[in-house]
Amino acid sequence: MAQALPPPPAGAAADWTVPQEWHLYGAAEHAMWDRLFERQSRMLRGRVVPEFIEGLDILRMTKPGIPDFGELSERLMQRTGWQVVAVPGLVPDRLFFEHLANRRFVAGRFIRSPGQIDYLQEPDVFHDIFGHVPLLTHPAFADYMQAYGEGGLRADGLGAIDRLARLYWYTVEFGLIRRDGALKLYGAGIVSSHGESIFALDDPSPHRLGFDLRRLMRTRYRIDDYQQCYFVIDSFEDLLRQTAETDFAPIYRELEGEADLDPAEIVAQDRVFHWGTQHRVGEHSGNSAEERS
Ligand code: PHE
Ligand code: FE
């Protein structure tokens, strides 16, 4: 059931937002962004869904330096009605859902230090902005994110946040999509990670399975290593149809009696694109740059 919210951190508004204070970034911080941006955009060519690259263009994210959230919001607002707002760190679930339900994407404003270029505990501005924001220019994906926020508020009342969080994890953070017969990346946790953007598509270790809502809501995930299992959607429109247009309350009830699945498991009804060897489990531990759950 819904609980009382903790008070916002010092300096934050009641909804936990803070000003980005773009003018406070130093040259080294902008240079870190540029280095990450250059490395990832080169890596992602041909691997990421083309709408992601289009999003970078639409939002002028190709210009150097950490983006100004105000400028991003202006362009996004015109396209799909979304905004980007800064927060000091992870926000309580209910506030996170409320922001999404109102088409506000909450983003961290700090950038990782050079020692954290490949490994980071908490999402930074590169993960949050480069990883998540380009696809918010895509109408169906933009609608999906808003509907997810509304679904989060409902799930909170139904004691089902953990189930719903798996959907976020396996789509928004670690989703793959099929395009012209090939698999492409779209999840923010993958596209902002140098190592995982290779691993998720090319490595024989992880499973790659067709999206199946109930199956996915039963599947545990790991937050400290590359994923052992990725789920593949057919299109953003199909994802939206299978989630936003479906009442989850009976599904949550149905799933209460069913056991969770380990991410290494394959079950009879799975649509298997690739049956992973699972031989690299644990090799990349400490590599996740995303912790929202
Ligand atoms: N349709 C879901 C519900 O009934 C909400 C939802 C929409 C969840 C889109 C995720 C994505 O709660
Ligand atoms: Fe994220």
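Owing to the predicted nature of the structure, the values given are computational and were not obtained by experimental measurement.

A. Seen up close, the overall build of the protein chain. A count of helical and extended segments in the protein chain gives 12 helices and 7 strands. For 293 residues, the compact-globule estimate of 2.2 N^0.38 gives 19 Å, and the protein chain sits close to it at 18 Å. C-alpha extents for the protein chain along the principal axes are approximately 55 × 40 × 35 Å. Scored against the burial criterion, the 293 residues of the protein chain give a buried share of 54%. Restricting to contacts in the protein chain with at least 6 residues of sequence separation, those with at least 24 account for 73%. Charge-centre separation for the protein chain: the mean point of 31 positive side chains lies 3 Å from the mean point of 44 negative side chains.

B. View of helix H2 (residues 50-58). Residues Glu51, Phe52, Gly55 and Leu56 constitute the buried set of H2. Each buried residue of H2 sits inside an arc of 150° when the element is viewed along its axis, so together they form one side. In the core, the buried residues of H2 are packed alongside helix H1 (27-44), helix H5 (125-132), strand E3 (176-179) and helix H8 (188-191).

C. Quick look at the UniProt feature "binding site: Fe cation" (unreviewed entry) in the protein chain. This chain's UniProt record puts "binding site: Fe cation" (unreviewed entry) on His127, His132 and Glu173. Look at the named residues: they lie 47 residues apart in sequence, but the longest C-alpha span between them is just 10.1 Å, so in the fold they bunch up. Turning to its location among the elements, His127 is positioned in helix H5. Judged by relative accessible area, His127 falls into the buried class, the value being 0%. The topology assignment puts His132 in helix H5. Using a relative accessible area of 5% as the deciding quantity, one classes His132 as buried.

D. Here's a closer look at the site of ligand 1. Around ligand 1, a shell composed of Tyr144, Ala147, Tyr148, Gly151, Arg154, Leu164, Leu167, Thr243, Ala244, Thr246, Asp247 and Phe248 is seen. In the model, an oxygen atom of ligand 1 is placed 2.4 Å from a nitrogen or oxygen of the Arg154 side chain. Here a nitrogen atom of ligand 1 sits 2.5 Å away from a polar atom, N or O, in the main chain of Thr246. Those elements giving two or more residues to the shell around ligand 1 turn out to be helix H6 (139-158), helix H7 (161-173) and helix H11 (236-244). It is H6 that contributes the most residues to the shell around ligand 1, 5 residues altogether. Its residues assigned to classes, the shell around ligand 1 comprises 7 nonpolar, 3 polar and 2 charged.

E. Main features of the pattern of salt bridges. With the rule as written, the count across this model stands at 23 salt bridges. A salt bridge links Arg109 to Glu21; the shortest N-O distance between them is 3.7 Å. You can see Arg109 sitting in the loop between strand E2 (104-108) and H5 and its partner Glu21 sitting in the segment before H1, a full 88 residues away along the chain. Here Arg109 falls in the partly exposed class, since its relative accessible area comes to 26%. With relative accessibility at 35%, the residue Glu21 sits in the partly exposed group.

Analysis parameters
- Residues numbered from 1 in each chain as written.
- Chains lettered and ligands numbered in written order.
- Predicted model: local features only at pLDDT ≥ 70, side-chain atom pairs only at ≥ 80, totals over all residues.
- Heavy atoms only, no water.
- Helix = DSSP H or I, 4+ residues; strand = E, 2+ residues; numbered from the N terminus.
- Rg over C-alpha atoms; globule rule 2.2 N^0.38 Å.
- Buried < 20%, exposed > 50% of the residue type's maximum accessible area, 1.4 Å probe, protein only.
- Contact = heavy atoms within 4.5 Å.
- Lys, Arg positive; Asp, Glu negative; His and termini not counted.
- Charge placed at Lys NZ, Arg CZ, Asp CG, Glu CD.
- Arc of directions from axis to C-beta.
- UniProt positions renumbered as here; feature names shortened; annotations may be inferred.
- Near = heavy atom within 4 Å.
- Polar contact = N/O pair within 3.5 Å; in protein donor to acceptor, adjacent residues only side chain to side chain.
- Nonpolar A, V, L, I, M, F, W, Y, C, P; charged D, E, K, R; others polar.
- Salt bridge = Lys/Arg side-chain N within 4 Å of Asp/Glu carboxyl O.

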